[in-house]
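The residues making up each chain are set out below.
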Amino acid sequence: MAGEEVLVDVEGRTLRISNLDKVMYPATGTTKGEVLQYYARIAPTLLPHLADRAVTRIRWPHGTGGSSFFEKNAPSGTPSWVRTVSVPTTGSRGESRHGDRLVFPVVDDLATLTWLANLAALELHVHQWRVGRNGRPRNADRIVIDLDPGDPAGLHECCQVALLVRERLAERGLVARPVTSGSKGLHLYATLPRRLPPAESTELAKQVAEELSAAHPRAVTATMTKARRGGKVFLDWSQNAGSKTTITPYSLRGRERPYVAAPVSWAEVEAGAEDPLGLEQMRFEEVVERVEERGDLFADPS
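On a predicted model such as this, the values are computed, not experimentally measured, just so you know. (Residues numbered from 1 in each chain as written. Predicted model: local features only at pLDDT ≥ 70, side-chain atom pairs only at ≥ 80, totals over all residues. Heavy atoms only, no water.)

**Q** What is the right way to read the pairing of strand β11 (residues 137-149) from this model?
**A** If a strand is regular, its side chains alternate between the two faces of the sheet. Relative to β11, strand β10 (residues 129-131) is paired through 2 bridges, and the arrangement is antiparallel. If you follow W129 over to β11, its bridge partner there is A140. From the end of β10 to the start of β11, which pair antiparallel, there are 5 residues, and G135 there has a positive phi angle of about 85°. Sheet topology places β11 next to strand β13 (residues 186-196); 7 bridges connect them, and they run antiparallel. Bridge pairing in β13 links D146 to H187. (Pairing = 2+ DSSP bridges. Helix = DSSP H or I, 4+ residues; strand = E, 2+ residues; numbered from the N terminus.)

Next up, the structure:
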């Protein structure tokens, strides 16, 4: 029944869950109940990657067929048991009720994850830095490069360029881990041997992008101007800035279908580089099955 609420116990926390039958993905009929079930099943794998990271959400109150909005600050009515962190900010564009700070939730348990999913927060985005025990942002512990294809390029071309990025990162002693974006492209992460100020980690990613753009100008661009991206893969290095966020691995995407930012193996990327149909974006059911069969492909190899 529309609007029906149920009380559920999640690891000792009582949550009021509503509208389990609401369709969140009209193209597939995927309901809010199925979204909650996905996040419950993937939580043991997802939560370690969210640990100590401030979370920005994108919410679709009426499903992906309706409008969405970004949310950084913890919303009114946030349960007292939800961990939050106050982060300095500038140019917060409408998030100014806390003055020059943003108060983010930190998702470190299933109850918080369930609470956010119940608020139709399909997408969970995080920074490349964690929050220290003192509640303050630390320096970046990883870098990310977002491979964004410009039409008519697609995931096939992203896989080809990803192999080049992997080589450039390896030259710097960094091990890249690939994640399909759940949208059009591919994300490459690499753990840093020591934490770097975001300005330095951003510069590192920018160097890699510009080197490859110079070496492969017909296939790669490091320029944000969309008019220059046609048929090329844009290496977005800017998501390493202290204020920027990237979709976390294993998060759903608010697209037409319930795709997930899914970690993949390099063998799968290599297959995608050879065959235009060798690698595709994955739905949530497939991601759960992969984790059950293969474990966490995003686990830090170091």
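**Q** Please clarify how the sheet that holds strand β9 (residues 121-126) should be interpreted in this entry.
**A** Paired through their backbone hydrogen bonds, the strands of a sheet run either parallel or antiparallel. Pairing is antiparallel in the open sheet, where 4 strands are placed in the order β6-β5-β9-β16. Since the sheet does not close on itself, it has two edges, and those belong to β6 (69-71) and β16 (246-247), each with one partner. In the sheet, strand β5 (residues 55-59) pairs with β6 via 3 bridges, with the strands oriented antiparallel. Pairing of I58 across the sheet is with F70, part of β6.

**Q** Got a minute to help me understand the pattern of salt bridges in this structure?
**A** Oppositely charged side chains are able to pair whenever their charged atoms sit close together. If you walk through the whole model with that rule in mind, you get 16 salt bridges. With a shortest N-O distance of 2.9 Å, E71 and R59 are connected by a salt bridge. Taken together, the residues span a long stretch of sequence, with E71 in strand β6 and R59 in strand β5 at a distance of 12 residues. With a closest N to O distance of 3.0 Å, E211 and R168 form a salt bridge. Residue E211 is located in helix α4 (residues 198-215), and its partner R168 is located in helix α3 (residues 155-171); the two are separated by 43 residues in the primary sequence. Judged by relative accessible area, E211 falls into the partly exposed class, the value being 29%. Residue R168 is classed as partly exposed on the basis of its relative accessible area of 22%. Look at the salt bridges and you will find they share partners, linking D52, R83 and D108 into a network. (Salt bridge = Lys/Arg side-chain N within 4 Å of Asp/Glu carboxyl O. Buried < 20%, exposed > 50% of the residue type's maximum accessible area, 1.4 Å probe, protein only.)

**Q** So what exactly am I meant to see when it comes to the side chain of T221 here?
**A** By secondary structure assignment, the location of T221 is in strand β14 (residues 220-221). Only 3.1 Å separates the side chain of T221 from the backbone nitrogen of T223, close enough to count as a polar contact. (Polar contact = N/O pair within 3.5 Å; in protein donor to acceptor, adjacent residues only side chain to side chain.)

**Q** So what exactly am I meant to see when it comes to empty space enclosed by the protein here?
**A** Gaps between atoms show up when a probe of the same size as a water molecule is rolled over them. The final tally for this structure, using the stated rule, is 1 cavity of 30 Å³ or more. Within this model, the largest cavity holds a volume of roughly 50 Å³. Secondary-structure elements contributing two or more residues to the lining of the largest cavity are β18 (262-263) and α6 (284-294). Sort the elements by how many residues they give to the lining of the largest cavity and α6 lands first, with 4 residues. (1 Å grid on protein atoms, 1.4 Å probe; cavity = no way out; pocket = protein on both sides within 12 Å on 5 of 7 lines; lining within 4 Å. Points joined across faces, edges and corners; volume = space filled by probe spheres on them.)

**Q** Would you explain the layout of surface pockets in this entry?
**A** Considered as a void within the structure, the second largest pocket measures approximately 170 Å³ in volume. As for the second largest pocket, its lining consists of D148, P149, G150, D151, K184, K226, R229 and G230. Across the lining of the second largest pocket, the residue classes break down as 1 nonpolar, 2 polar and 5 charged. (Nonpolar A, V, L, I, M, F, W, Y, C, P; charged D, E, K, R; others polar.)

**Q** Even after reading the chapter, I still don't get the pairing of strand β1 (residues 5-10), so can you show me in this structure?
**A** Direction of pairing for β1 relative to strand β2 (residues 13-18): antiparallel, over a ladder of 6 bridges. Looking across to β2, one finds that L7 is bridged to R16. What sits between the antiparallel neighbours β1 and β2 is a turn of 2 residues, in which E11 has the positive phi angle 50°.

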